[in-house]
2 protein chains.
Amino acid sequence: MNIVEISKVLANQTRVNILKWLKNPEANFPPHQEIDHFDDGVCVGFIQDKTGLSQSTISTYLNSMQNANLVIPTRHGKWTYYRRNEEVIQAYFKALKEEL
Amino acid sequence: MNIVEISKVLANQTRVNILKWLKNPEANFPPHQEIDHFDDGVCVGFIQDKTGLSQSTISTYLNSMQNANLVIPTRHGKWTYYRRNEEVIQAYFKALKEEL
DNA sequence: TCCACATATCTATATTTTTAGATATGTAAA
DNA sequence: TTTACATATCTAAAAATATAGATATGTGGA
């Protein structure tokens, strides 16, 4: 558990917002075309629309979040869905509380 | 409680180290000349020595940590002592757990 | 196979952060 | 009231991050 690496991800409001939104996809995103649930998370396009930033920026952000193990990608056909990695997020809270 | 602002402070290993060291000053710093306790924390010079970074850099770091309310400065004569602001640190943990 | 679409990666620029040297300020002691 | 010391602030350069346009890659359908 690398506190600094994860803190870097959280040091940006958009990335924090993405994590918050993914906590409750039903409330924050429209339904997907080919899937009627959010079990694997939300596709990149929806996240991009909600942030208003460019496609490449969001892809970069999601990549950095994935490198820190905060999100998990799943490919479904043309789309990549991202969901929170709750285990790592909880482990981060625990590490902060214990180490910091 | 601004998650992003505090995360920016924690997005640097030296600043995280300083917070960790200040948790247990007796174990991490030599005793002060004019005071025989760490109730108000540790003077800037000791922190600088332990990090190996320049005086201006450490002063800048401590200033950013103070702006985020993570540490509290106290002046004693020529020295400024810094200690952790446990209330804000705990509030940050709580905010992360609830909001993130 | 060719095309359209979703996403990832590459490239480049703007902004922010890191870092230290120089200088300023505040304090205590001579 | 000058001097020495501890710390803060200013200035500037290097490094990292943010951001987007262009291009590449992977996928499903015509």
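Each remark here, short or long, concerns the structure printed above.
Residues numbered from 1 in each chain as written. Chains lettered and ligands numbered in written order. Predicted model: local features only at pLDDT ≥ 70, side-chain atom pairs only at ≥ 80, totals over all residues. Heavy atoms only, no water.

Quick word on the interface of chain B and chain A
Piece 1. With 20 residues of chain B in contact, the opposing surface of chain A contributes 21 residues.
Piece 2. Note on chain B versus chain A: buried area summed over both sides is about 1,900 Å², and carbon and sulfur give 69% of it.
Piece 3. The largest contributions to the chain B side of the interface with chain A come from B:Val4, B:Phe93 and B:Leu100, which together make up 34% of the buried area.
Piece 4. At the surface where chain B touches chain A, the tally comes to 2 salt bridges.
Piece 5. Between A:Glu99 and B:Lys20 there is a salt bridge whose closest N-O contact spans 3.5 Å.
Piece 6. Between chain B and chain A we count 4 residue pairs in polar contact (both at pLDDT 80 or more) in total.
Piece 7. Listing elements by their share of the side of chain B that touches chain A, those giving two or more residues are helix 1 (3–10), helix 2 (13–23) and helix 6 (86–99) of chain B.
Piece 8. It is helix 6 of chain B that contributes the most residues to the side of chain B that touches chain A, 6 residues altogether.
Piece 9. Considered class by class, the residues forming the side of chain B that touches chain A number 10 nonpolar, 3 polar and 7 charged. (Contact = heavy atoms within 4.5 Å. Buried area = accessible area lost by both parts, 1.4 Å probe. Salt bridge = Lys/Arg side-chain N within 4 Å of Asp/Glu carboxyl O. Polar contact = N/O pair within 3.5 Å; in protein donor to acceptor, adjacent residues only side chain to side chain. Helix = DSSP H or I, 4+ residues; strand = E, 2+ residues; numbered from the N terminus. Nonpolar A, V, L, I, M, F, W, Y, C, P; charged D, E, K, R; others polar.)

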